[in-house]
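# Structure assessment
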Amino acid sequence: MPTDDLAANNTNAADANPAPASPASAPAASASAATARRSLEVDGVAMVRLLGPQDRLLTTLEAQYPLVDVHVRGNQVTLEGDASQVDAAYRLVDELITMVRQGHDLGPTEVTSSKRILDAGAGSPAEVLSQAILTSRGKSIRPKTLGQKAYVDAIDLNTIVFGIGPAGTGKTYLAMAKAVQALQRKEVERIILTRPAVEAGERLGFLPGTLTDKIDPYLRPLYDALNEMMDPELVPKLLTTGVVEVAPLAYMRGRTLNNSFIVLDEAQNTSPEQMKMFLTRLGFGSKMVVTGDITQVDLPVGASGLQLVTRVLGEIDDIHFARLTSDDVVRHSLVGRIVDAYTKYDAQKQAQQYEREHGRGGDGGADARGGNRAERRAGLGGARGGAAQPRDRFPRRPRPETGGR
């Protein structure tokens, strides 16, 4: 075939079967079509309260929506980027503005918690997180996450509430705030705060001073929280008159606590006997809140009473178990990540222990080397040329010969 005819045929074939479009062109077109731009006018709110010092809350907002660019000029906030994320960020910023107008002091925790509430469809963050328990020295104490809100509501609705969760989730702090609130409303006549005097993995040795001086270091966190929630000059008077009592758990035996709000802190360090003893102190008109972290048990030996009570009392009415997670941590953002890392490590450790105990593909009662001990002894005896015989610990002594009669 002539060269010109071959070229013509190739040209016709190319016209009949056009080359497919570049795969990059379709996403580019769809991405350009999916972008959006929305703006909000912020009136009656100081921008520093909305954006935070050094724009920290603005940085947190951008971290929650990485596909959105946030621009602030004067009192105008402009959101530009992926359409779905722009809409979600717009709703979040609008809720944050409402919260600031209601008097909330925003922080990174409020931004992330509000996003979780909106994503879960649990209502308006401005309404969910608007319940102030106490106001002390111009500072409002209120739940900051959805889990904390459920925990506080459970305290209102139940006689005994167990707050179980990792460090930094506000278990004890919110329980004490509810106790002070109940005292101020005259719902109870006194507050009793207690915790077991267990050292955190170290021996402190002999402590000088009176019995109170020896016990106070273990109860110091409870005193600190009291001084934050109440007038520091009023706290010593309440302690002296017995309206507020801070005591170690050992002092609870033999008592009946009527018309009291009782908080047991660090309950993971109670034994099952201590937990039973404490719960049976409940009297008429009283309410109990038990808090602890079952991943931080400092008991030297034995089981934790908090771990056992979840299985024993789980089906009883008017007893509620509130479980908080790393999403409810209100301390430094690293605390939540630390909690998640340890949780993952503990899960892997438990899985490895399960494999070791049950064997890989073997029987649950079998040893890792195959068979149980009796079978291995029998096999060892057969290998020596006979049935397995019981082995004496000491060689038999020959009987002494006795003379004839």
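On a predicted model such as this, the values are computed, not experimentally measured, just so you know.

Bringing the overall build of the protein chain into the picture now. Helices and strands together make up the secondary structure of the protein chain, namely 15 helices and 11 strands. Here the protein chain holds 405 residues, and the buried ones make up 37% of them. Restricting to contacts in the protein chain with at least 6 residues of sequence separation, those with at least 24 account for 69%. Carbon together with sulfur atoms contributes 51% to the accessible area of the protein chain, which is approximately 24,900 Å² in total.

Here we come to empty space enclosed by the protein. Where empty space is left becomes clear once a probe the size of a water molecule has been rolled over the atoms. Counted according to the given criterion, the structure contains 1 cavity of 30 Å³ or more. When its volume is computed, the largest cavity comes out at roughly 100 Å³. Lining the largest cavity, in full, are L50, L51, L57, L58, L61, V70, V77, V93, L96 and V111. Secondary-structure elements contributing two or more residues to the lining of the largest cavity are α3 (47–51), α4 (56–64) and α5 (83–101).

A few words now on the nonpolar core. Membership of the largest hydrophobic core comes to 36 residues, with the highest contact counts inside it found for Y151, L193, L226, M229 and F261. Y151 has contacts with V161, G163, G170, K171, L174, A175, V289, T291, A322 and L324, leaving out every residue within four places of it along the chain.

Take the sheet that holds strand β2 (residues 68–73) next. Taking strand neighbours across the sheet as the criterion, the 3 strands line up as β1-β3-β2 in an open arrangement whose pairing is antiparallel. Since the sheet does not close on itself, it has two edges, and those belong to β1 (35–41) and β2, each with one partner. Sheet twist, expressed as the mean angle between neighbouring strand axes with direction ignored, is 15°. Of the pairings in the sheet, the one linking β1 to strand β3 (residues 76–82) comprises 7 bridges and is antiparallel in character. Along β3, the bridge assignment pairs L40 with V77. The strands touched by α5 are β1, β2 and β3; relative to β1, the strand with the most contacts, the crossing angle is about 15°.

Turning to its location among the elements, D298 is positioned in the loop between β10 (287–292) and α13 (305–312). The sequence separation of D298 and Q268 amounts to 30 residues, and the corresponding C-alpha distance is 7.9 Å.

Each pocket or cavity is described by its volume, and for the largest pocket that value is around 980 Å³. Looking at the largest pocket, it is lined by 39 residues, and the ones nearest its centre are G170, K171, Y173, V330 and R331. Looking at the lining of the largest pocket residue by residue, the class counts come to 12 nonpolar, 13 polar and 14 charged.

This next bit is on the packing of α4 against helix α6 (residues 108–120). The geometry of a pair of packed helices is captured by two quantities: the angle between their axes and the separation between those axes. Between α4 and α6, the shortest axis-to-axis distance is 9 Å and the interhelical angle comes to 30°. Taken together, the axes of α4 and α6 lie roughly parallel to each other. Here α4 runs over α6; the crossing is right-handed. When α4 is examined against α6, the residues L57, T60, L61 and Q64 are found in contact with a partner set consisting of P108, V111, T112 and K115.

Turning next to a nonpolar patch on the surface. Together, L334, I338, Y342 and Y345 make up an exposed nonpolar region whose accessible area comes to about 450 Å². Turning to its location among the elements, Y342 is positioned in helix α14 (residues 333–358). The exposure class assigned to Y342 is exposed, which follows from its relative accessible area of 55%.

Within this structure, the stated rule accounts for 11 salt bridges. For the salt bridge of D153 with K149, the shortest nitrogen-to-oxygen distance reads 2.8 Å. With D153 and K149 both in helix α8 (residues 146–157) and 4 residues apart, the pair spans about one turn of that helix. For D153, a relative accessible area of 27% translates into the label partly exposed. Classification of K149 by relative accessible area gives buried; the value is 16%. Members of the salt-bridge network, linked through shared partners, are R195, D265 and E266.

Helix length check: helix α9 (residues 171–184), at 14 residues, gives a terminal C-alpha distance of 20 Å against a target of 20 Å (1.5 Å per residue), a fit within 8%. Of all 14 residues making up α9, 12 are buried, and the element is well covered by its neighbours. Following α9 by one or two positions, K186 adopts a phi angle in the positive range, close to 60°.

When we look at a pair of aromatic rings, we describe it by the centre distance and by the angle of the planes. This model, assessed by the stated rule, comprises 1 aromatic pair. Ring centres of F162 and F321 lie 4.6 Å apart, and the angle between their planes is 10°; this geometry places the pair in the stacked category. Of the two residues, F162 sits in strand β6 (residues 160–164) while F321 sits in strand β11 (residues 319–323), which places them 159 residues apart along the sequence. Here F162 falls in the buried class, since its relative accessible area comes to 0%. Here F321 falls in the buried class, since its relative accessible area comes to 16%.

The rules behind the values
- Residues numbered from 1 in each chain as written.
- Predicted model: local features only at pLDDT ≥ 70, side-chain atom pairs only at ≥ 80, totals over all residues.
- Heavy atoms only, no water.
- Helix = DSSP H or I, 4+ residues; strand = E, 2+ residues; numbered from the N terminus.
- Buried < 20%, exposed > 50% of the residue type's maximum accessible area, 1.4 Å probe, protein only.
- Contact = heavy atoms within 4.5 Å.
- Areas by Shrake-Rupley, 256 points an atom, 1.4 Å probe, with all protein chains shown as cover.
- 1 Å grid on protein atoms, 1.4 Å probe; cavity = no way out; pocket = protein on both sides within 12 Å on 5 of 7 lines; lining within 4 Å.
- Points joined across faces, edges and corners; volume = space filled by probe spheres on them.
- Core = buried A, V, L, I, M, F, W, Y, C linked by side-chain atoms within 4.5 Å.
- Pairing = 2+ DSSP bridges.
- Axes fitted to C-alpha atoms, helices over the stretch in contact; angles between N-to-C directions.
- Nonpolar A, V, L, I, M, F, W, Y, C, P; charged D, E, K, R; others polar.
- Parallel < 35°, antiparallel > 145°, perpendicular 65-115°, else oblique.
- Left-handed = near helix turned anticlockwise from the far one by under 90°.
- Patch = residues over 30% accessible without salt bridge, like charges linked within 9 Å, V, L, I, M, F, W, Y side chains within 5 Å.
- Salt bridge = Lys/Arg side-chain N within 4 Å of Asp/Glu carboxyl O.
- Expected span 1.5 Å × (residues − 1).
- Phe/Tyr/Trp six-rings, centres within 6.5 Å; stacked < 30°, edge-to-face > 60°.

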